[in-house]
Amino acid sequence: MSKNQNITVLGVFVADTTYRADRSPRMGETILGNSFALGPGGKGSNQAVAAARIGGDVTILTQLGDDAFAGMAERTWLEAGVKSAARRNPANYTGAAYIFVEESSGDNAIIICPGAAGDIGIDDIEANAGLIRSSKVFVTQLEQPLVAAERGLQTAREAGVITILNPAPAPKQPLDESILALCDFITPNETEAQELTGLPVETVDDARLAANRLLELGVGAAIITLGGQGALLHSSEMSVHVPALSAGKVVETTGAGDAFNGGLAVGLARGLAPIDAVKLGCATAGISVTRPGAAASMPSQSEVEALLASAIKEKDYE
Ligand code: RIB
């Protein structure tokens, strides 16, 4: 199969149950929340939706249960134009996530149960090896089993496909160097970068030290996302801080990292230089945080292009 601009995302869909409240309850305490929403989430699915909304040709590789939440996944992908390579697994449920959103800041705390997607294994990768090999970019995260992520990255690397690992949620054990060496790009946030390297990450300078450590461990380039501070792209050729782009008041940060990864993947699939792909990621994330929800907050291609054009005009970006 010839390689075009396809993006394959290996990852998880879950139904997000989002509770907005002034604060998180303490153990044993019940508090009244401000609002509730049910919507599509899961890092892999969010990244696929983000990439498809801005024009990517995207296929998601996952497992779903045989229930109402699986229907929500399929409707979400259909609407966004994501192709599905999802396997139905009637022995398990489609996953769900509990999301607490702090009313004042829009920041969140999440518990995710991947359900059927927790059963994704090497057999799923083998069954879809042709799809991965024919892609331009392969993206994965750590919500499904690590063995599947590793085999997916291996399959992609062997075929010369650009690989992105978004190491979220942060792994419980340090990742083996053999896995890190399969990553052209690794995209941790501050917390994940800290977990991966053992180094504190709060400032851009901290991020540079952590990114350097990730390079020593074998990744091609580290892109550390820094929330409101933007992102640092660090490789053996360059170390560039890309500021965040604001598109309005921050309403909810759930899915911001996914928006970034979706934008990055599309940029790389289009053959943009990494720095320009990072800017596309920042613009996608900058709009997503102004809206509630995860997949529901992903912007369209025209919205992202308009934000990038205004950033260039205002000289926020060159
Ligand atoms: O990255 C945000 C996502 O993390 C949410 O949609 C939630 O489902 C968890 O997977």
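Residues numbered from 1 in each chain as written. Predicted model: local features only at pLDDT ≥ 70, side-chain atom pairs only at ≥ 80, totals over all residues. Heavy atoms only, no water.

1. Considerations on unusual backbone geometry
Threshold: Secondary structure counts use DSSP, requiring at least four H or I residues in a row for a helix and at least two E residues in a row for a strand, with both numbered from the N terminus.
Cis geometry is found at the peptide bond from Ala168 to Pro169, where omega equals -5 degrees. Along the chain, the position of Pro169 falls in the loop between strand E9 (162-165) and helix H6 (177-180).

2. Quick notes on the sheet that holds strand E8 (residues 137-140)
Note the following rule: One bridge is not enough; two strands pair if DSSP finds at least two bridges between them. Contacts are residue-level and defined by heavy atoms, with any inter-residue pair within 4.5 Å sufficient. Structural elements are reduced to axes, namely lines fitted to C-alpha atoms, with helices fitted over the stretch in contact, and the angle between N-to-C directions of any two is expressed from 0 to 180 degrees.
Pairing is mixed across the open sheet formed by nine strands, whose spatial order is E5-E4-E1-E8-E9-E10-E11-E12-E13. The strands lining the two open edges of the sheet, one partner per strand, are strand E5 (83-88) and strand E13 (239-242). Most of the contacts of helix H2 (residues 68-80) go to strand E4 (residues 57-64), to which it runs at about 175 degrees, and overall it touches E4 and E5. Along the sheet, helix H5 (residues 146-158) makes contact with strand E1 (6-10), E8 and E9, crossing E8 at roughly 170 degrees.

3. Brief notes about the side chain of Asn261
Defined as follows: Burial classes: relative accessible area under 20% of the type maximum marks a residue as buried, over 50% as exposed, and values in between as partly exposed (1.4 Å probe, protein chains only).
Considering the arrangement of structural elements, one finds Asn261 in helix H9 (residues 256-269). Under the relative-accessibility criterion, Asn261 is labelled buried at 2%.

4. Quick notes on the site of the ligand
Stated precisely, the cut-off is as follows: The criterion for a residue being near a molecule or strand is simple. One of its heavy atoms has to lie within 4 Å of it. For this analysis, a polar contact is any N or O atom pair within 3.5 Å, provided that within protein one partner can donate a hydrogen and the other can accept it, and provided that sequence-adjacent residues contribute only side-chain to side-chain pairs. Residue burial considers only the protein chains on display, and all accessible areas are found by Shrake-Rupley using a 1.4 Å probe.
Neighbouring residues of the ligand: 14 residues in total, closest Asp16, Gly42, Lys43, Glu143 and Asp258. The separation between an oxygen atom of the ligand and a polar main-chain atom of Gly42 is 2.9 Å. Between Lys43 and the ligand, the recorded distance is 2.8 Å, taken from a side-chain N or O atom to an oxygen atom. Considering the ligand on its own, with 280 Å² of exposed area, one finds that the protein chains cover 96% of that surface.

5. Considerations on the packing of helix H1 (residues 43-53) against H2
To keep things clear, this is the line we draw: If an angle is under 35 degrees, it is roughly parallel; if it is over 145, roughly antiparallel; if it lies from 65 to 115, roughly perpendicular; otherwise it is oblique. Crossings are sorted by hand: turned counterclockwise from the far helix by less than a right angle, the near helix makes the crossing left-handed, and turned clockwise it makes it right-handed. The nonpolar class holds Ala, Val, Leu, Ile, Met, Phe, Trp, Tyr, Cys and Pro. Asp, Glu, Lys and Arg form the charged class, and all remaining residues, Gly among them, are polar.
Where H1 contacts H2, the two axes come as close as 9 Å, and the packing angle between them is 20 degrees. Comparing the axis directions of H1 and H2 gives the class roughly parallel. In the crossing of H1 with H2, the sense of the turn from one axis to the other is left-handed. The residues of H2 that touch H1, namely those facing Ser45, Val49, Ala52 and Arg53, are Thr76, Trp77 and Ala80. Residue classes in the contact of H1 with H2 are distributed as four nonpolar, two polar and one charged.

6. Looking at the layout of surface pockets
Quick note on the threshold: For cavity detection a 1 Å grid was placed over the protein atoms alone, and a set of points counts as a cavity when a 1.4 Å probe fits there but cannot get out; an open set counts as a pocket when protein lies on both sides within 12 Å along at least five of seven lines, with lining residues being those that have an atom within 4 Å of a point. Grid points are joined across faces, edges and corners, and a volume is the space filled by probe spheres set on the points.
Looking at the largest pocket, its volume works out to about 1,100 Å³. Contributing to the lining of the largest pocket are 46 residues, with Asn189, Thr253, Gly255, Ala256 and Gly257 lying nearest its centre. Listed by contribution, the elements that provide at least two residues to the lining of the largest pocket are strand E2 (14-21), H1, strand E6 (94-102), strand E7 (108-115), helix H7 (190-197), H9 and helix H10 (274-288). Counting residues per element, the lining of the largest pocket draws most heavily on H9, at five residues.

7. Concerning the packing of aromatic side chains
For the record, the criterion: To pair, rings of Phe, Tyr and Trp, with the six-membered ring standing in for Trp, must have centres within 6.5 Å; the planes then decide the type, stacked if under 30 degrees apart, edge-to-face if over 60, and tilted in the middle. Geometrically, a lysine NZ or arginine CZ counts as sitting over a ring once it is within 6 Å of the ring centre and also within 35 degrees of the ring normal.
Taken as a whole and judged by the stated rule, the model has three aromatic pairs. Ring geometry for Phe13 against Trp77: centres 6.2 Å apart, planes inclined by 85 degrees, an arrangement best described as edge-to-face. A residue pair is termed long-range when its members are at least 10 positions apart, and Phe13 in the loop between E1 and E2 and Trp77 in helix H2 qualify at 64 residues. Phe13 sits in the buried class, given a relative accessible area of 0%. One aromatic cluster in this structure is built from Tyr19, Phe36 and Tyr98. Lying over the aromatic face of Tyr317, Lys279 brings its terminal NZ or CZ to 5.5 Å of the ring centre.

Geometry only, nothing functional implied.
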